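Chain residues, written in single-letter form:
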Amino acid sequence: MSEKDKNALPDTAAGTAAEMDEVMRKYDRESATRIWEGRPRAVVSVITALFSLYCIWSTLWSTADLPVRLSAFLGLIIIMGYLNYPVRKGHVTPNAMPWYDIALMVLGAGSFFYYCVNYKSLVMVITSAAKIDPFGENAIDGAWFYIILGIVGILCLAELCRRCVGLPILFVVGALLVYTFASGQSLGRVIYTLFYVTSGVMATPIQVCAKFIAVFIIFGAFLERTGISSFFIDLANCAAGSSSGGPAKVAVISSALCGMVSGSSVGNTVTTGSVTIPMMKKTGYKGEFAAAVEAAASTGGQIMPPIMGAAAFLMAEYMGTTYATVALKAILPALLYFTGIFLSVHLEAKRLGLQGIPRDQLPKFRLLIRSIYLLIPLVVLVWLVSTGARTLQFSAAIAIVLTILVSLPRVFRDSRDQHGEGFAVHAGRKIGTMIFSSLEAGGRGCITVAVACSMAGMVAGCINVTGLASKLVNAVVNISRMIPNESLALFIALFLTMLCCIVLGMGVPTTANYCIMATTCAPILITLGIGKIPAHFFVFYFGIVADITPPVALAAYAGSAIAKSNPMKTGVNATKLAIAAFIVPYIFAFNPAMLLVDTGAVDVVLIVVSSLIGLFGVAAALNGTLFRRINPLFRVLLAAGGLSMMIPGVVSDIVGLVLVLGVVAIQRMSARRAPA
């Protein structure tokens, strides 16, 4: 958020930029960074910006072997990681970096750089795991050196993961390592698999990160600095600000739009929530509800096409399809998710009798049209990706250039207003500062994603070397055979997968969560009869909703800090608002038509209409008010009817429609007969 945006916050806002930063530091591990000031800050900023330039150059023009590019990428990530993240959150003394952090940085980066520089000779020497097994018969001279080199690189990367990602994913990796050694794998084979070949830390997740994700994160950093977040908020105000409970609807729309750019549930909650949450409270919403609306909508930004966050690139790789295909198939579920939140917000506003924002206080649409050019980079990016005119990374590079160009009019206009005739020099400086800060923010944003991807690669490496995935599949298949009803067995498998995703997601970033579930649970679902695309979307969705699911609902807790509300109540409200995210995945698991798989236009329309009616029934049942207060029996009937509408099948749709419409009609007639 720019200084101008922060200064424009209403008087009831959560507070200053410093308070927003404090909220981010508390609930977003990525924001708990080391403090650099003066010349050291300039040096670290230059290193980070140069890393962004390296990522763009590497993904567009580098012809080096894949292991060379990946090891160089990870070596640079370790350098920036230790420069930015202290040993613990409270260790924030300005310009302080202990000797042990320097040692870890040098040893960790040195391990990967040694691999990078000596890759060709290593390939000639190390041709199998047996060559670096110091206890094996075929061990080469210096086997212990190669073992220690790999151990040092992995441990330094794991320590960085503890600092910027957290312990839960390390517990998963540690448990799998113990299982790997217990299954009889030698030390040499484990180190060979995890460090020296592209099946461990340099597996598919980090390959996708280095090739696609990094440049898109950099693009997002540039896009945020054009002021597009303010444009989205103003656009949402024009669309829904004057309606009943308008500020909450503005929060849903603006967070959906901003979230697809930022890719961070907590970051988006704090950024847009600093504006929307005080507006909602001023309108009459309770703090717990206002924070929950913002958290639920911000979390859903990761499933909103066309960008969808980093995990979408990994989904395309795992499913063997294109990124454009993933974005296309995500459209209907995302619309249902946000429609469900929108319905809940509307019903709550009607229950409380809340009004909207007076029209004279809303942005003028004709003035807003003047800033519509800010959408050009997004429009061009979507066109390039959907038509296949350019590669993903080249499309992102073009979008970055366009982002710089569309920011020029505002920069020149502001400079002319502030500095008069000599505005050109000042405008040039502002453009340079904007480019530099975008590169710096983009490079810093890559650290956590890259580290999480490398740890997810280790998980995949352990699973592959032990054959654990096939063992899990066989175990689940054998258990399912004990259940006579196939649909019931499939539902139980889906339910257990949902619990695994949510529990893992409470401490693991979405990207790493998806990678782990894609290598463990998704194959199980596919074996049980779920299609590849629905299976991967299923684990992706439930990995995301962990950010708003108590007891560890970080996005909801960040929103509660702004709203000064009860964190647990906020998390419960956010879960109720995002009920669609808990239902929609089951719909497309049993009926892939929602994901546009093997279907026609009529089937898609029918499933969308029935799902919308079903969502309305469930939302009304949870809210407890329609035209008047709903008695407990009718709430149960509404919920049952709504869920029936979402179950594929003509009979279930008819039963659900009768229940929902019947309760609505009774409520309507009862409200008309009631005295005013």
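Residues numbered from 1 in each chain as written. Predicted model: local features only at pLDDT ≥ 70, side-chain atom pairs only at ≥ 80, totals over all residues. Heavy atoms only, no water.

Student: Help me get a handle on the overall build of the protein, residues and values and all.
Tutor: In terms of helices and strands, the protein carries 31 helices and 0 strands. Over its C-alpha atoms the protein spans a radius of gyration of 26 Å, differing by no more than 12% from the 26 Å that the globule rule assigns to 676 residues. A buried classification covers 55% of the 676 residues belonging to the protein. Pairs at least 24 apart in sequence give 77% of the contacts found in the protein among residues at least 6 apart. Of the roughly 28,000 Å² that the protein leaves accessible, carbon and sulfur atoms contribute 65%. Counting 48 positive and 31 negative side-chain charges, the protein places the averaged centre of each group 7 Å from the other. (Helix = DSSP H or I, 4+ residues; strand = E, 2+ residues; numbered from the N terminus. Rg over C-alpha atoms; globule rule 2.2 N^0.38 Å. Buried < 20%, exposed > 50% of the residue type's maximum accessible area, 1.4 Å probe, protein only. Contact = heavy atoms within 4.5 Å. Areas by Shrake-Rupley, 256 points an atom, 1.4 Å probe, with all protein chains shown as cover. Lys, Arg positive; Asp, Glu negative; His and termini not counted. Charge placed at Lys NZ, Arg CZ, Asp CG, Glu CD.)

Student: Go over helix α29 (residues 601-623), please, and point to the residues and values.
Tutor: Side chains that are three or four residues apart share a direction in an α-helix, a result of its 3.6 residues per turn. Between the first and last C-alpha of α29 there are 33 Å, a value that for 23 residues agrees with the 33 Å anticipated at 1.5 Å per step. One or two positions beyond α29, positive phi appears at Gly624, with a value near 85°. (Expected span 1.5 Å × (residues − 1).)

Student: Tell me about a nonpolar patch on the surface, and please be specific about residues and values.
Tutor: A cluster of nonpolar residues, Leu488, Phe491, Ile492, Phe495, Leu496, Leu499 and Phe590, forms a patch on the protein surface that exposes about 590 Å² of accessible area. The element contributing the most residues to the nonpolar patch is helix α23 (residues 486-505), with 6 residues. Looking at where Phe590 falls in the secondary structure, it is placed in helix α28 (residues 579-590). (Patch = residues over 30% accessible without salt bridge, like charges linked within 9 Å, V, L, I, M, F, W, Y side chains within 5 Å. Salt bridge = Lys/Arg side-chain N within 4 Å of Asp/Glu carboxyl O.)

Student: Which residues make up the side chain of Glu288, and what are the values?
Tutor: Within the secondary structure, Glu288 is located in helix α14 (residues 287-300). Salt bridges are absent for the buried Glu288, whose nearest opposite-charge side chain, Lys569, sits at 5.3 Å. Beyond its immediate chain neighbours, meaning those up to four positions away, Glu288 contacts Ser565, Asn566, Lys569, Thr570 and Asn573.

Student: Can you explain the confidence of the model for the protein? Please cite residues and give values.
Tutor: When pLDDT drops low, the exact placement of atoms in the prediction is not to be read closely. Mean pLDDT for the protein: 84, with 92% of residues reaching 70 or above. When the elements of the protein are averaged for pLDDT, helix α1 (residues 3-7) gives the smallest value, 40, and helix α5 (residues 99-117) the largest, 96. Low pLDDT, under 50, characterises residues 1-15; the stretch is placed with 20 contacts to residues that sit more than four places away or in other chains. (pLDDT = per-residue confidence, 0-100.)

Student: An account of the pattern of salt bridges is needed here, citing residue identities and associated values.
Tutor: Counted according to the given criterion, the structure contains 6 salt bridges. With a shortest N-O distance of 2.8 Å, Glu159 and Arg163 are connected by a salt bridge. Taken as a pair, Glu159 and Arg163 lie in helix α7 (residues 143-164) at a separation of 4 residues, close to a single helical turn. For Arg163, a relative accessible area of 5% puts it in the buried group. Among the charged side chains, a network of salt bridges with common partners joins Arg34, Asp101, Glu159, Arg162 and Arg163.

Student: Please give an account of the packing of helix α4 (residues 66-84) against α5 that cites residues and values.
Tutor: Between α4 and α5, the shortest axis-to-axis distance is 8 Å and the interhelical angle comes to 170°. Judged on the interaxial angle alone, α5 and α4 are roughly antiparallel. Residues Pro67, Val68, Ser71, Ala72, Leu74, Gly75, Leu76, Ile78, Ile79, Tyr82 and Leu83 of α4 lie in contact with α5, whose contacting residues are Asp101, Leu104, Met105, Gly108, Ala109, Phe112, Phe113, Tyr115 and Cys116. (Axes fitted to C-alpha atoms, helices over the stretch in contact; angles between N-to-C directions. Parallel < 35°, antiparallel > 145°, perpendicular 65-115°, else oblique.)

Student: Give me the lowdown on the packing of aromatic side chains, citing residues and values where you can.
Tutor: Inspection of every chain in the model, using the stated rule, returns 28 aromatic pairs. With a centroid separation of 4.5 Å and an interplanar angle of 5°, the aromatic rings of Phe313 and Tyr323 are classed as stacked. With Phe313 in helix α15 (residues 311-319) and Tyr323 in helix α16 (residues 323-329), this pair connects stretches of sequence that are 10 residues apart. Take Tyr323: its relative accessible area is 5%, and that puts it in the buried class. By way of ring pairs, the aromatic residues Phe112, Tyr114, Tyr115, Tyr119, Phe145, Tyr146, Phe195 and Tyr196 are connected into one cluster. (Phe/Tyr/Trp six-rings, centres within 6.5 Å; stacked < 30°, edge-to-face > 60°.)

Student: Kindly report on the side chain of Thr226, identifying the contributing residues and their values.
Tutor: When you line up the elements, Thr226 lands in the loop between α10 (204-224) and α11 (228-240). By relative accessible area, Thr226 is classed as buried at 2%.

Student: Report on the nonpolar core, specifying residues and quantitative values.
Tutor: Within the largest apolar cluster, 195 residues are counted, with the highest numbers of intra-cluster contacts made by Tyr196 and Phe537. Top element by residues in this core is helix α21 (residues 423-466). It accounts for 15 residues. Those residues in contact with Tyr196 that lie beyond four places of it in its chain are Tyr115, Leu122, Ile126, Ile132, Tyr146, Leu149, Gly150 and Ile191. Formed by 11 residues, the second largest nonpolar core is a distinct cluster that contains Ala621, Ile630, Leu638 and Val660. (Core = buried A, V, L, I, M, F, W, Y, C linked by side-chain atoms within 4.5 Å.)

Student: Outline the packing of α29 against helix α31 (residues 650-673), listing residues and values.
Tutor: Contact geometry for α29 and α31: axes closest at 10 Å, N-to-C directions at 45°. In terms of orientation, α29 lies oblique with respect to α31. In the crossing of α29 with α31, the sense of the turn from one axis to the other is left-handed. Of α31, the residues touching α29 (which contributes Ser610, Ile613, Phe616 and Gly617) are Asp653, Leu657, Val660 and Val664. (Left-handed = near helix turned anticlockwise from the far one by under 90°.)

Student: Describe in detail unusual backbone geometry, supporting the description with residues and values.
Tutor: With a phi close to 55°, Lys564 is a non-glycine residue in the positive phi region. On the accessibility criterion, Lys564 (63% relative accessible area) is exposed. The residue Leu596 is not glycine, and still its phi comes out positive at about 60°. Its place among the elements puts Leu596 in the loop between α28 and α29.

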